[in-house]
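# Inside the fold
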Amino acid sequence: MFQPEWESMDRKDLRRLQSERLRKVVERVYHRVPFYRQRFDEAGITPEDIRGVEDLHRLPFTRKADLREQYPFGLFAVDLKQVIRIHASSGTKGKPTVVGYTRKDIEHWADVCARAIVASGGQPGDVLHNAYGYGLFTGGLGLHYGGERLGMTVVPVSGGNRSRQVTLIQDFRPRGICGTPSFVLSLAEAMIEAGKNPRDTSLKYGIFGAEAWSEEMRRTLEETWDIDAIDIYGLSEVIGPGVSIECREAKDGLHIAEDHFLPEVIDPETGEPLPEGEFGELVFTSLTKEANPVIRYRTGDIAALYTEPCRCGRTHVRMSRIKGRIDDMLVIRGVNVFPSEVEQVVLGMEEVAPHYQLVVSKEGVMDKLVLEVELSETFVRHLGPSFSLEHESCGKLSFRLRAKLKDVLGVTTEVVLREPRTIPRSEGKAVRVIDRRNPVKMKG
Ligand code: DLL
């Protein structure tokens, strides 16, 4: 562990610490951020009402829309002079959401990212190939500072330019790599194209996040690169990457850095807290953030929490893998479908490649779901010169895929097989869903 005194704290002591920090942060935002004062007043809450974690549920929620309305600096709890860094979301829907960091916030962020790297198998002295985007996105700089904090040699390669990345991996001999799972998978493809086997590189572990991915994707990444593939979660509104991390020992749920971020899972419809183990919307409250702490921030991400002790010795609560985002959930003819469930099916069949897109449209009044997926190179090679998408084997394969999807999703899905390398590769976060029913709806 990077900070065992925090990461394996006795849970009673941890709760005491959380309560103390919660009281302080509530007091600070009430006095320094007019938005929060107004929200608390409307809810009839004063800082004195919050005695500890047990009163958390009395506080009002904060939503992404609130951050947008307060653009750019309306939620800052410190003078701008104390803010040494700004990050922002991509802002595909109007204004981006802006977040600020004081010097201390940057230090805490580096700490949680260093914890994450150690939990993934990283050590001081390792070379870390950082393929998360650098810039307003938090992935690049977050892991960069974490790596430096740990004493690594960080290669700030950022996203894009696959062939250069392939060369650097061979020449700099990194032990660790980080990037979105979809991008790092596409790097393996570029390496194979260059005539090299990704399993022969110096890489031992990968730290993957920023988009939803499945257990099947983990297996694919681990087999393709011969590495441990570890899940890292975070969001800019809370800090960036490092909010939670899997441990290499268990690879079973992500430990939330609970000394900094207080988690809850709520029913997204009613807002009521849900018991341990139930899936719902993840909500976070900042415990240490100075520049712009968030109170009960609704992430839109779906997960469950578990307090069961972990074999790695970390005592911090674990969250499940993210099942999806509430706004990514497709409602197809009344049935809820998550892209991650489709990924599970696609990656479970070796005749198809792990590159896919879901296209949703309307046929009359009915929703229509189409899975476009590439055939694997091995499958195409196996069919030899007689290969065409009309080949009998392709027909049989679509039939089997359709049946499997129906079984897992509960809705009829059309399957369109595509030739290898015809679906666009991501440079960062993969675009998995194209919804043509409602063209104005975009993710923020
Ligand atoms: O994606 C921060 C990050 C960078 C996390 C690098 C991990 C690695 P945002 O751009 O604000 O921040 O997007 C946050 O991405 O609410 C989730 O929906 C999604 N997300 C992040 N990590 C995971 C993950 C960064 N491990 C949004 N699994 C979050 C699934 C993830 N979804």
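Scoring rules and cut-offs
Residues numbered from 1 in each chain as written. Predicted model: local features only at pLDDT ≥ 70, side-chain atom pairs only at ≥ 80, totals over all residues. Heavy atoms only, no water. UniProt positions renumbered as here; feature names shortened; annotations may be inferred. Helix = DSSP H or I, 4+ residues; strand = E, 2+ residues; numbered from the N terminus. Near = heavy atom within 4 Å. Polar contact = N/O pair within 3.5 Å; in protein donor to acceptor, adjacent residues only side chain to side chain. Phe/Tyr/Trp six-rings, centres within 6.5 Å; stacked < 30°, edge-to-face > 60°. Buried < 20%, exposed > 50% of the residue type's maximum accessible area, 1.4 Å probe, protein only. Lys NZ or Arg CZ within 6 Å of the ring centre and 35° of its normal. Pairing = 2+ DSSP bridges. Axes fitted to C-alpha atoms, helices over the stretch in contact; angles between N-to-C directions. Contact = heavy atoms within 4.5 Å. Disulfide = S-S within 2.5 Å. Salt bridge = Lys/Arg side-chain N within 4 Å of Asp/Glu carboxyl O. Domains from an automatic or database assignment. Buried area = accessible area lost by both parts, 1.4 Å probe.

Per the UniProt record, "domain: AMP-dependent ligase C-terminal" (unreviewed entry) is annotated on residues 334-437. Measuring from the first to the last C-alpha atom of residues 334-437 gives 14 Å, for a span that is 33% helix and 32% strand.

Time to look at the site of the ligand. The immediate surroundings of the ligand are formed by 20 residues, with Asp231, Ile232, Ser236, Asp301 and Lys429 found nearest. The contact in question runs from an oxygen atom of the ligand to an N or O atom on the side chain of lysine 429, over 2.9 Å. Put simply, the parts of the chain that give the shell around the ligand at least two residues each are helix 6 (138-150) and strand 7 (228-235). Sort the elements by how many residues they give to the shell around the ligand and strand 7 lands first, with five residues.

This next bit is on the packing of aromatic side chains. A full pass over the atoms with the stated rule returns seven aromatic pairs. Between the aromatic rings of phenylalanine 208 and tryptophan 213, the centroid separation amounts to 5.7 Å while the plane-to-plane angle is 85 degrees, which identifies the pairing as edge-to-face. According to the relative accessible area criterion, tryptophan 213 is buried, its value standing at 3%. What links up through ring pairs into an aromatic cluster is the set Tyr30, Phe35, Tyr36 and Phe40. Between the NZ or CZ atom of arginine 321 and the centre of the ring of tryptophan 213, over which it lies, the distance is 4.5 Å.

Right, let's talk about the sheet that holds strand 18 (residues 352-363) for a bit. Taken in spatial order, the four strands of this open sheet run 20-19-18-21, and their pairing is mixed. Edge positions in the sheet fall to strand 20 (414-418) and strand 21 (433-435), since each has one partner strand and no second. Strand-to-strand twist of the sheet, defined as the mean angle between neighbouring strand axes without regard to direction, takes the value 20 degrees. The sheet contacts of helix 10 (residues 339-347) involve strand 18, strand 19 (366-375) and strand 21, and relative to strand 18 the element is tilted by about 135 degrees.

Right, let's talk about the state of the cysteines for a bit. Across all of its chains, the model carries zero disulfides by this definition. Counting only cysteine sulfurs, cysteine 312 is the nearest neighbor of cysteine 247, a cysteine outside any disulfide, at a range of 3.7 Å. Free cysteine cysteine 310: the closest other cysteine sulfur is in cysteine 312, separated by 3.6 Å.

What follows is about the pattern of salt bridges. Evaluated as defined, the whole model comprises 37 salt bridges. Linking arginine 218 and glutamate 215 is a salt bridge whose minimum nitrogen-to-oxygen distance equals 2.9 Å. Within this pair, arginine 218 and its partner glutamate 215 are both found in helix 9 (residues 215-225), separated by three residues, close to a single helical turn. Assessed through its relative accessible area of 3%, arginine 218 is described here as buried. Residue glutamate 215 is classed as partly exposed on the basis of its relative accessible area of 34%. A salt bridge links glutamate 351 to arginine 400; its shortest N-O distance comes to 2.7 Å. Separated by 49 residues along the polypeptide, glutamate 351 in the loop between helix 10 and strand 18 and arginine 400 in helix 12 (residues 392-409) bring together distant segments of the chain. The exposure class of arginine 400 is partly exposed, given its relative accessible area of 44%. Connected via shared salt-bridge partners are Glu215, Arg218, Asp231, Glu246 and Arg321.

This part takes up the domain arrangement of the protein. For the protein, the assigned domains are domain 1 (1-326) and domain 2 (330-435). Here the C-alpha centre of domain 2 lies 31 Å away from the C-alpha centre of domain 1. Overall, the association of domain 1 and domain 2 removes approximately 1,600 Å² of surface from exposure, summing both partners, and the carbon and sulfur fraction of that is 52%. Of all residues in domain 1, the largest losses of buried area upon contact with domain 2 belong to Glu189, Glu216 and Lys323, amounting jointly to 28% of the total for that side. On inspection of domain 1 and its partner domain 2, the count reaches three salt bridges. Of the charged contacts in the structure, one is a salt bridge between glutamate 427 and arginine 162, with a shortest N-O distance of 3.0 Å. Counting every contact that joins domain 1 to domain 2 gives 12 residue pairs in polar contact (both at pLDDT 80 or more).

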